[in-house]
Amino acid sequence: MTLTRKSFLNLVGAAAFAIGTGGAAQAQEVTLSLHQFLPAQANVPKLILDVWADNVEAASDGRIKIDRFPSMQLGGRPPELMDQAIDGVADIVWTVVGYTPGRYPSTEVFELPFMMTDARAMSSAYWQMFEKHMKDTEFKDVHILGTWVHGPGMLHVNKEVNTPADMEGMKIRGGSRTVNILLEKMGATPVGMPVPAVPEGLSKGVIDGTTIPWEVTAALKVPELVNNHTEFEGNALYTLTFVLAMNKDRYEGLPADLQKVIDDNSGLEFSIFAGGTQADSDGPARALAVDNGNNIVTVSGSDLDAWKEVSQPIFEEWVADMESKGIDGQALIDEARALMDAYEG
C-alpha cells in the first residue's frame, strides 16, 4: 500500500516527532514500466515516448519514475502488448492497434486508403472520436493516454512500382488488417509481421517489400535493403493507428494529484504532438534514401487514379463489415473527414 503525506504523518504521530525521527514526510515514489517494440534509438521512443515520460517525471517533481523497456525487453511479441497492459505485465505500452486485427474495429476508419493528408489533423480526429466512440467500449479494459497516426504510408520494395499492376505477385509486409486488404486488391500477397521483423524478412527474401512510413526506415536500415520506394502526393496511401495505453488498475490506484500529472501530459494535445512529430521525422529519413542513391517514385496527378480506383471497394466492404458488428462505419468515415477538415492546428 502506498502512503500519502497525510497518512504517513498519522502513522508516525507525535511520538516520532518527539524523538526526532520524522520532521517531514518522504516524497512518494511510483515506478511505472513502459514497454514497446522499437529500439530505443528509433524516432518514436526517442522523440515521443521519452519526451512524454520525461515530462511526466518532471511534472511530478520526481514522485513518478518511468522505466523504459524497448525492443520487447519484458518479453512477449508485439501483438501481445495490449494484453500486457490489460494484465499488468507492463504498466504502460505503446503499440500498433492493427497488431490485433479486428479487436478495435472503429480505429480502422483512420487506416482506410487515401483518407489522410495531415498526421496532426488525423491524430486530433482520432482522439476526439476515441473519447466519443471507443473509450467506454472497445478500449474499456485499458486507460488510453494517447492516440495517433504516422505520416503518409508508402511502399519500400525490391523493384520499381509505378502502378497497382506492378504489385502483382509481390510479397509485401502489411501492418494491419486494412493494409493487408489493400495489398490484396493490388494483386500482392500480404505478409503479416511486426515492424522489428522487417529487416530480416527483406534480407532473407521472405518479403519483397514493406509498407511503412519514411520515418522508421532509418532505424530498420530499409534503404540499405531495398533500392526502390513509392510515395504518394496528397492523400496518403494508408496510415496505421497507435495507442499509448496504461493498465487501468495502475492508473486508478494512483493518488489524485499524480493522476492529474498523467492527465495533463496526455490526451488531445499529446496525441497531436505525437502524430506530428512522427510525420516530421519523414523528411530526414527520406533524405537518407536519396543520399543512398535509391530510386524514389512519387505518384501524383492522374497517375493516382488507378491506385484510388483499386482501393475504392475497400470503403464499401469496410462499411458492410462494421455494420455486421453493429457499428455505423459510414458515419465514422463522415465524422473523421469532418473533424480533419475542421482542424486548424
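Scoring rules and cut-offs
Starting from 1, residues in each chain are numbered consecutively following that chain's sequence as written. Residue-level local features of this predicted model are given only where pLDDT is at least 70; pairs of side-chain atoms are given and counted only at 80 or more, and the full residue set underlies all totals for whole chains, interfaces and linings. Heavy atoms throughout the structure, all of them, feed into the side-chain values; hydrogens and water do not. Paired strands are those between which DSSP finds at least two bridges. Where helices and strands are cited, they refer to DSSP runs of H or I of at least four residues and of E of at least two residues respectively, numbered from the N terminus. For every element, the axis is a line fit to its C-alpha atoms; helices are fit only across the contacting stretch, and the angle between N-to-C directions ranges from 0 to 180 degrees. Residue-level confidence of the predictor is summarised by pLDDT, bounded by 0 at the bottom and 100 at the top. Residue contacts follow a heavy-atom distance rule, with two residues in contact if any of their heavy atoms lie within 4.5 Å. Angle categories are assigned with fixed cut-offs, so that under 35 degrees is roughly parallel, over 145 is roughly antiparallel, 65 to 115 is roughly perpendicular, and the rest are oblique. What makes a crossing left-handed is the near helix being turned counterclockwise from the far one by less than a right angle; a clockwise turn instead makes it right-handed. In these notes, a set of buried Ala, Val, Leu, Ile, Met, Phe, Trp, Tyr and Cys residues joined through side-chain atoms within 4.5 Å is what counts as a nonpolar core. Here the term buried applies to any residue with accessible area under 20% of the maximum for its type, exposed to any over 50%, and partly exposed to those in between, with areas from a 1.4 Å probe on protein chains only. Any Lys or Arg side-chain nitrogen found within 4 Å of a carboxyl oxygen on Asp or Glu counts as a salt bridge. Seen with its strands pointing away from the viewer, a crossover is right-handed when the path leading from the first strand over the helix to the second is clockwise. Between N or O atoms, a polar contact is any pair within 3.5 Å; within protein, one atom must be a potential hydrogen donor and the other a potential acceptor, and residues adjacent in sequence are included only when both atoms are from side chains.

(A) Here's a closer look at the sheet that holds strand 7 (residues 189-192). The strand order 7-6-8-5-9-11 describes an open sheet built from six strands, whose pairing is mixed. The sheet is open, and its two borders are formed by strand 7 and strand 11 (295-299), each paired with just one other strand. Strand after strand, the sheet turns through a mean of 25 degrees between neighbouring axes, direction not considered. Pairing of strand 5 (residues 154-157) with strand 8 (residues 209-212), which is carried by four bridges, proceeds in the antiparallel orientation.

(B) Looking closely at the confidence of the model for the protein chain. Here the protein chain averages 92 in pLDDT, while 92% of its residues score no lower than 70. pLDDT under 50 marks residues 1-26. Its contacts with residues more than four places away, or in other chains, come to 16 contacts.

(C) Highlighting the packing of helix 4 (residues 119-134) against helix 11 (residues 268-280). Contact geometry of helix 4 with helix 11 gives a least axis separation of 8 Å together with a crossing angle of 150 degrees. Judged by the angle between their axes, helix 4 and helix 11 are roughly antiparallel. Here the hand of the crossing between helix 4 and helix 11 comes out right-handed. Across the interface between the two elements, Ala119, Arg120, Ser123, Ser124, Trp127 and Gln128 of helix 4 pack against Leu268, Ser271, Ile272, Gly275, Gly276, Thr277, Ala279 and Asp280 of helix 11.

(D) Seen up close, the sheet that holds strand 10 (residues 241-247). Read from one edge of the open sheet, five strands run 2-1-3-10-4, paired in mixed fashion. The open sheet terminates on both sides in strands that have one partner only, identified here as strand 2 (64-69) and strand 4 (142-149). Each strand axis lies, on average, 20 degrees off the axis of its neighbour in the sheet, ignoring direction. In this structure, strand 3 (residues 92-96) lies alongside strand 10, joined through five bridges in antiparallel fashion.

(E) Up close: the nonpolar core. Trp52, Val109, Phe110 and Trp307 are the most contacted members of the largest nonpolar core, which has 102 residues in total. The element best represented in this core is helix 4, accounting for nine residues. Dropping the residues within four chain positions of it, Trp52 is found in contact with Leu34, Ile66, Ile92, Leu145, Leu244, Ile262, Asn265, Ser266 and Phe270. The next biggest cluster of nonpolar side chains, apart from the first, holds five residues, and it includes Met154, Trp214, Ala285 and Ile296.

(F) Just the pattern of salt bridges, in detail. In this structure the tally under the stated criterion is 18 salt bridges. Taking the shortest distance from any N to any O, the salt bridge between Arg68 and Asp50 comes out at 3.2 Å. Within this pair, whereas Arg68 is found in strand 2, its partner Asp50 is found in helix 2 (residues 43-59), the two being separated by 18 residues in sequence. Using a relative accessible area of 29% as the deciding quantity, one classes Arg68 as partly exposed. Glu317 is the partner of Lys185 in a salt bridge, and the nearest nitrogen-oxygen pair spans 2.6 Å. You can see Lys185 sitting in helix 5 (residues 177-185) and its partner Glu317 sitting in helix 13 (residues 304-324), a full 132 residues away along the chain. Overall, the relative accessible area of 31% leaves Lys185 in the partly exposed class. One salt-bridge network, in which partners are shared between bridges, spans Asp50, Asp54, Glu57 and Arg68.

(G) Geometry of the packing of helix 2 against helix 11. At a minimum axis distance of 10 Å, the contact between helix 2 and helix 11 shows a crossing angle of 165 degrees. For the element pair helix 2 / helix 11, the angle class is roughly antiparallel. Our pair here, helix 2 against helix 11, has a crossing hand that is right-handed. Contact residues: helix 2 offers Val44, Leu47, Ile48, Val51 and Trp52, while helix 11 offers Phe270, Phe273, Ala274, Thr277 and Gln278.

(H) Here's a closer look at the pairing of strand 2. Here six bridges tie strand 1 (residues 30-35) to strand 2, and the two strands are oriented parallel to one another. Opposite Thr31, over in strand 2, you have Lys65 as the bridge partner. In the classification by handedness, the crossover that spans strand 1, the intervening helix 2 and the parallel strand 2 is right-handed.

(I) Seen up close, the pairing of strand 1. Counting buried residues along strand 1, five of its six residues qualify, which places the element largely inside the surrounding structure. Both strand 1 and strand 3 contribute to a ladder of two bridges, which runs parallel. Across the sheet, Leu34 pairs through a bridge with Ile92, a residue of strand 3.

(J) Looking closely at the side chain of Asp91. Relative to the assigned elements, Asp91 resides in the loop between helix 3 (81-87) and strand 3. Separated by 3.2 Å, the side chains of Asp91 and Arg250 make a polar contact. If near-sequence neighbours (up to four positions away) are discounted, Asp91 is found in contact with Thr31, Leu32, Ser33, Ala245, Met246, Asn247 and Arg250.

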